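Reading the structure
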Amino acid sequence: MLVTGTEILQDAHKNNYAVGAFNVNNMEIVQAIIEAAEETNSPVILQASQGGLKYAGVEYIAALGRLAAEKAKVPVALHLDHGTDFDQVMLCIRHGFSSVMIDGSRFDLEGNIAITKKVIEVAHAVGVSVEAELGKIGGTEDDIVVDEREATFTDPNEAKKFVDETDVDYLAIAVGTAHGVYKGEPKLDFDRIKTIKEKLNIPLVLHGSSGVPKEAIEKAVS
Ligand SMILES: [Zn+2]
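Residues numbered from 1 in each chain as written. Predicted model: local features only at pLDDT ≥ 70, side-chain atom pairs only at ≥ 80, totals over all residues. Heavy atoms only, no water.

Another aspect to go through is the environment of E38. Examined against the element boundaries, E38 turns out to sit in helix 2 (residues 27–39). Take E38: its relative accessible area is 27%, and that puts it in the partly exposed class. Put simply, E38 and E7 are 31 residues apart on the chain and 18 Å apart in space, counted from C-alpha to C-alpha. (Helix = DSSP H or I, 4+ residues; strand = E, 2+ residues; numbered from the N terminus. Buried < 20%, exposed > 50% of the residue type's maximum accessible area, 1.4 Å probe, protein only.)

Take a look at the structure:
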């Protein structure tokens, strides 16, 4: 069944587990993810990246994702990954996405808060949940390139202010993971994850997890 991101992530938040979010570009990938989610009896998030939207088009991705979600025996959210601007987020909501990310991490704190609030006002009015990003996650994801020297970790106090002012549903934080292929072993800042989690009390999102050792992912989740 198709559900919001909040429905899936609030349960994970309360019961201390994580949920996988996987980029989808075509039917076969969608089928494989749903099959695995059903086999493991796990909720799952299907997400469209900027590259996926460019490749398949919003209509195709939305139709595939919605159909897969409706037929699935587990809860499924259809999510926009790294939404670039207000218009793109609105387009995805119109096509039936149940969760959207507005990535305002290229702006300063006030700018990021402003764009996130604007998206949330509309998204929440129609029952769609919203992810934002604070701090800069390094690496390359489709069109978005952040030089590793420019990647900055999320400041816990800024994160608290951000969540208080925006009322965002879940927050992507920068704690040492990167998008794309890792050149060396990624070092996650577990203390920072703990501090931020204690301050915020909302679900946190870890981007760039492919290539991070299983043990590190497990520790981050715990
Ligand atoms: Zn990402």
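Glancing now at the side chain of T116. When you line up the elements, T116 lands in helix 6 (residues 109–125). Polar contacts involving the side chain of T116 include one to the main-chain carbonyl oxygen of N112, which spans 2.7 Å. Discounting residues that sit within four places of it in the chain, T116 has contacts with I102, A132, F162, T166 and V168. (Polar contact = N/O pair within 3.5 Å; in protein donor to acceptor, adjacent residues only side chain to side chain. Contact = heavy atoms within 4.5 Å.)

Turning our attention to the sheet that holds strand 2 (residues 44–48). The sheet built from seven strands is open, its strands ordered 1-2-3-4-5-8-10 with parallel pairing. At either margin of the open sheet sits one strand with a lone partner, and together these are strand 1 (21–23) and strand 10 (204–205). Inspection of the sheet shows strand 1 paired to strand 2 by three bridges, in the parallel sense. If you follow A21 over to strand 2, its bridge partner there is I45. Helix 7 (residues 156–166) contacts strand 5 (129–134) and strand 8 (170–173) of the sheet and is inclined by roughly 150° relative to strand 5. (Pairing = 2+ DSSP bridges. Axes fitted to C-alpha atoms, helices over the stretch in contact; angles between N-to-C directions.)

Looking now at the environment of N25. By the element assignment, N25 lies in the loop between strand 1 and helix 2. A C-alpha to C-alpha distance of 9.5 Å links N25 and L64, two positions 39 residues apart in sequence. Residues within four places of N25 in sequence aside, it is in contact with G51, G52, Y55 and A56.

The next thing to look at is the pattern of salt bridges. All told, the structure shown has six salt bridges when counted by the stated rule. As a salt-bridge pair, R192 and D189 come within 3.0 Å of each other at their nearest N and O atoms. Residue E218 pairs with K214 through a salt bridge whose shortest N-O separation is 3.1 Å. Taken together, the residues E218 and K214, both in helix 9 (residues 214–221) and four residues apart, mark about one turn of the helix. Given a relative accessible area of 57%, K214 falls into the exposed group. Salt bridges linked by common partners bring E110, K161 and E165 together as one network. (Salt bridge = Lys/Arg side-chain N within 4 Å of Asp/Glu carboxyl O.)

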